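Tertiary structure, described
If you want the building blocks of each chain, they are given just below.
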Protein chains: 2
Amino acid sequence: MAVTIRDVAKAAGVSASTVSRAFSNSELVDPRTRELVLRAAEQLGYLPNRAARGLITGRTGNLGLIVPDLANPFFPEVVKGIQARAREADYSVFLSDTDEDPSAELGLVKALAKQVDGIILCSPRMSADDMREAADCSTLVVVNRRGSNIPAITIDNVDGMRQAVAHLAALGHRRIGYVAGPRSSWSNRERQRGVRTAVAAEDAELVEIGNVPPQFEGGVAAADLVIAADVTAVIAYNDLIALGLLTRLAARGVDVPGELSVVGIDDIPMSAMFSPALTTVSIPKAQCGRAAVELLLQQLATPGVRASSRREVPAQLLVRDTTAVALPTGRGAH
Amino acid sequence: MAVTIRDVAKAAGVSASTVSRAFSNSELVDPRTRELVLRAAEQLGYLPNRAARGLITGRTGNLGLIVPDLANPFFPEVVKGIQARAREADYSVFLSDTDEDPSAELGLVKALAKQVDGIILCSPRMSADDMREAADCSTLVVVNRRGSNIPAITIDNVDGMRQAVAHLAALGHRRIGYVAGPRSSWSNRERQRGVRTAVAAEDAELVEIGNVPPQFEGGVAAADLVIAADVTAVIAYNDLIALGLLTRLAARGVDVPGELSVVGIDDIPMSAMFSPALTTVSIPKAQCGRAAVELLLQQLATPGVRASSRREVPAQLLVRDTTAVALPTGRGAH
DNA sequence: CTGAAAGCGCTAACAG
DNA sequence: CTGTTAGCGCTTTCAG
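Residues numbered from 1 in each chain as written. Chains lettered and ligands numbered in written order. Predicted model: local features only at pLDDT ≥ 70, side-chain atom pairs only at ≥ 80, totals over all residues. Heavy atoms only, no water.

Going by the annotation in an unreviewed UniProt entry, the name recorded for chain A is LacI family transcriptional regulator, with Prauserella muralis given as the source organism.

**As for the overall build of chain A**
Looking only at helices and strands, chain A has 13 helices and 12 strands in total. The C-alpha atoms of chain A give a radius of gyration of 25 Å, which is well past the 20 Å a tight globule of 334 residues would have. A principal-axis box enclosing the C-alpha atoms of chain A has dimensions of 90 × 40 × 35 Å. Within chain A, buried positions represent 53% of all 334 residues. Taking all contacts inside chain A whose residues are at least 6 apart in sequence as the whole, residues at least 24 apart take part in 69%. (Helix = DSSP H or I, 4+ residues; strand = E, 2+ residues; numbered from the N terminus. Rg over C-alpha atoms; globule rule 2.2 N^0.38 Å. Buried < 20%, exposed > 50% of the residue type's maximum accessible area, 1.4 Å probe, protein only. Contact = heavy atoms within 4.5 Å.)

**Observations concerning the protein's contact with DNA strand C**
Among the 26 residues in the neighbourhood of DNA strand C, the closest are listed as Thr18, Asp30 and Thr33 of chain A together with Ile5 and Arg53 of chain B. Here DNA strand C approaches the protein such that, of its atoms within 4 Å, sugar and phosphate make up 60%. One of the side-chain nitrogen or oxygen atoms of Ser17 of chain A is found 3.1 Å away from a base nitrogen of DNA strand C. One nitrogen or oxygen atom from the side chain of Tyr46 of chain B is found 2.8 Å from a phosphate oxygen belonging to DNA strand C. (Near = heavy atom within 4 Å. Polar contact = N/O pair within 3.5 Å; in protein donor to acceptor, adjacent residues only side chain to side chain.)

**So, the pattern of salt bridges**
Following the criterion strictly, the structure yields 38 salt bridges over all chains and no others. Between Glu88 of chain A and Arg290 of chain A there is a salt bridge whose closest N-O contact spans 2.6 Å. Here the residue Glu88 of chain A occupies a position in helix α5 (residues 74-88), and Arg290 of chain A occupies one in helix α13 (residues 285-301), the gap between them amounting to 202 residues. Residue class for Glu88 of chain A comes out exposed when judged on its relative accessible area of 53%. Overall, Arg290 of chain A belongs to the partly exposed group, its relative accessible area being 28%. In this structure, Glu35 of chain B and Arg39 of chain B form a salt bridge, with 3.4 Å as the shortest nitrogen-oxygen distance. In this pair, Glu35 of chain B and Arg39 of chain B are both assigned in helix α3 (residues 31-44), four residues apart and thus about one turn of the helix distant. Here the residues in one salt-bridge network are Asp69, Asp97 and Asp99 of chain A together with Lys80 of chain B, joined through shared partners. (Salt bridge = Lys/Arg side-chain N within 4 Å of Asp/Glu carboxyl O.)

**Here's the deal with the sheet that holds strand β7 (residues 205-209) of chain B**
Residues and elements named next belong to chain B. Spatial ordering of the open sheet is given by β7-β6-β8-β9-β10-β12, a layout of six strands whose pairing is mixed. Edge positions in the open sheet fall to β7 and β12 (316-318), since each of these has one partner strand only. Averaged over neighbouring strand pairs, the angle between their axes works out to 20° when direction is ignored. Inspection of the sheet shows strand β6 (residues 175-179) paired to strand β8 (residues 233-236) by four bridges, in the parallel sense. If you follow Gly177 over to β8, its bridge partner there is Val234. With respect to the sheet, helix α9 (residues 186-201) is in contact with β6, β7 and β9 (261-266), its orientation differing from that of β7 by roughly 160°. (Pairing = 2+ DSSP bridges. Axes fitted to C-alpha atoms, helices over the stretch in contact; angles between N-to-C directions.)

**A few points about the environment of Arg145 of chain A**
Residues and elements named next belong to chain A. Within the secondary structure layout, Arg145 lies in the loop between β4 (139-143) and β5 (152-155). In sequence terms Arg145 and Ser187 are 42 residues apart; their C-alpha atoms lie 6.9 Å from each other. Residues within four places of Arg145 in sequence aside, it is in contact with Pro124, Arg125, Met126, Ser127, Ala128, Met131, Ala152, Ile153, Thr154 and Trp186. Engagement of the side chain of Arg145 in a polar contact is seen with the backbone oxygen of Pro124, the distance being 3.0 Å. A polar contact is formed between the side chain of Arg145 and the backbone oxygen of Met126, at a distance of 2.7 Å.

**Some words on the relation of the copies chain B and chain A**
Screw-axis analysis of chain B against chain A gives a translation of 0.0 Å along the axis, an RMSD of 0.1 Å, and a rotation angle of 180°. A rotation of that kind, with that shift, is consistent with a two-fold axis. Residues of chain B ranked by C-alpha distance from the rotation axis are headed by Phe94 of chain B, positioned 2.2 Å from it. Counting the interface residues of chain B, we find that 100% of their copies in chain A are interface residues as well, pointing to one common contact surface. (Least-squares fit on C-alpha atoms with pLDDT ≥ 70 in both.)

**With respect to the protein's contact with DNA strand D**
DNA strand D sits among 24 residues. The nearest are Ile5 and Arg53 of chain A together with Ser17, Thr18 and Thr33 of chain B. Here, DNA strand D places atoms within 4 Å of the protein, and 60% of those atoms are sugar or phosphate. A distance of 2.4 Å separates a phosphate oxygen of DNA strand D from a polar backbone atom of Ile5 of chain A. Note that a base nitrogen of DNA strand D is positioned 2.7 Å from one of the side-chain N or O atoms of Arg21 of chain B. Listed by contribution, the elements that provide at least two residues to the surface near DNA strand D are α1 (5-12), α2 (16-23) and α4 (50-57) of chain A together with α2 (16-23) and α4 (50-57) of chain B. Its residues assigned to classes, the surface near DNA strand D comprises 10 nonpolar, nine polar and five charged. (Nonpolar A, V, L, I, M, F, W, Y, C, P; charged D, E, K, R; others polar.)

So this is what it looks like as structure tokens:
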């Protein structure tokens, strides 16, 4: 069997409690004894058993993470951020992928609750009621959604949209399209709101298109609608949709950005590799992840939702190749 | 505090052990008593504490997963497969991302070992010595690497390369390039070996280019070498490299597939979205993940490495738009 | 500063 | 079939 605290105690010639103290309340033990213990532990290759510790302290040193779909290129970056920050704080992370099934989320929270100190919910799709129930099971932090009085990390979508629209307006676009994502998505509602405000502020015209699924295919499907909408620029709910748009637009012979400017949101790696490279509103994904862990840690230390339990990270427009000056004469025939 | 086995016992009017049995050795308890217990548990919202159970059984019901880089689009799919299969078997999974740091791998294995029943190592970059040491810490299954006598899931790279080369040869290509990935990568060595064999079998000529990092940028960098190599077709170590190749080739004015055919390996989602869509050797990524869990479960049940502890999954050529008949006259000037 | 004792939530003999 | 007893590895009073 593995080497236990008792083996170390024996080897160091002290009691088990001393070994325990040497590993946690380092101040309560004589530095020389401590050194002795640590050396013995090292020698025997002792590593504390977290499960046993958790049993008594009530803290597991684990943290749960639930994402809708790891295959969506947005999430891996967030997960990496969470991972990295969690490791720094000496936490391990349990990962669960719901495969975009909102009804699986609550069950996973409940299953995880016993094994973790807190759970990070990424872009949860569950109902507000389920959210509340989930919050009763464990300490929660939610990313990319707000409501139910749960500590949250969100993106400043409104400002992101403002930047995108200002950019397009500065290029002379007066009639702008927005391809909407899923109706149930909190982010989509925020982005839609942001676009409306920004377009109004620029005194331009907005054409709303969609909703479409937040996938490449959604963009492909929306492209013909965009062409028919007779706009000179279009903002898509996310990069995947924008890329689908670009692909279908090329097939239809529409020149981007010559005839039509396209802006995405997210800045997934693929966007930079595409040609033309996609102009997009970049989201600091890893930073969202780190911030989520930060919030969770803080929540664990001093529970209670307060102003500081919400954190909004900025979005940043990245101008690449799919946006250009609007043709004064409008687009040609296709 | 949470509801314990004792609370349930009291509520059901039985002893703690009976509750315990009702939840595990369901056959050793009277069906009626069992029903009683389960109902009481349900009522109180009881969920067994896995940590406590693990303490005594020695089995945690957890499994560790270490990947080099979740942002590499190859891994999320594998992770999803692992996740899905693990959940079916009622296992939770600890995820760790090493950020491509080989020296972090062994440490993570050791840290994880105490909390899990077994660990899946995805494409580990560590040395063979470290592998052996890791194997002493925990039950291991490795994906995408072979050696050190550890149960492994691998891809039939050699046959994949055979398919790719046969396809190109059938199209009339006689001089084929291979852009090599990292020298330290087991997969790269396998693929290289496969290409050599296949090209020889087709009586064609092979030009080896690289090694380059397995990233988009690696492909961008390799493109000029490929042009200079004067081949009519090129196979890249992975899709990311192939995509970088495509991008730089377009910038250099080389028509794909008109002047040069390109084949990737992996079939990452991006490959299908690119234009032209990339011909690639597809790897059943989720299936690799599932198979890895399968192997681990089997290993946990009956330890010992034997013939059945290795499983090789097939690769499958996907012909898309980047491969075409070689011009009989060779390529034009660039 | 250190040891002895009790117990976290659960399971595994061992008797009934 | 079921209850009692003894711990799993660790932390934490409580006395020294």
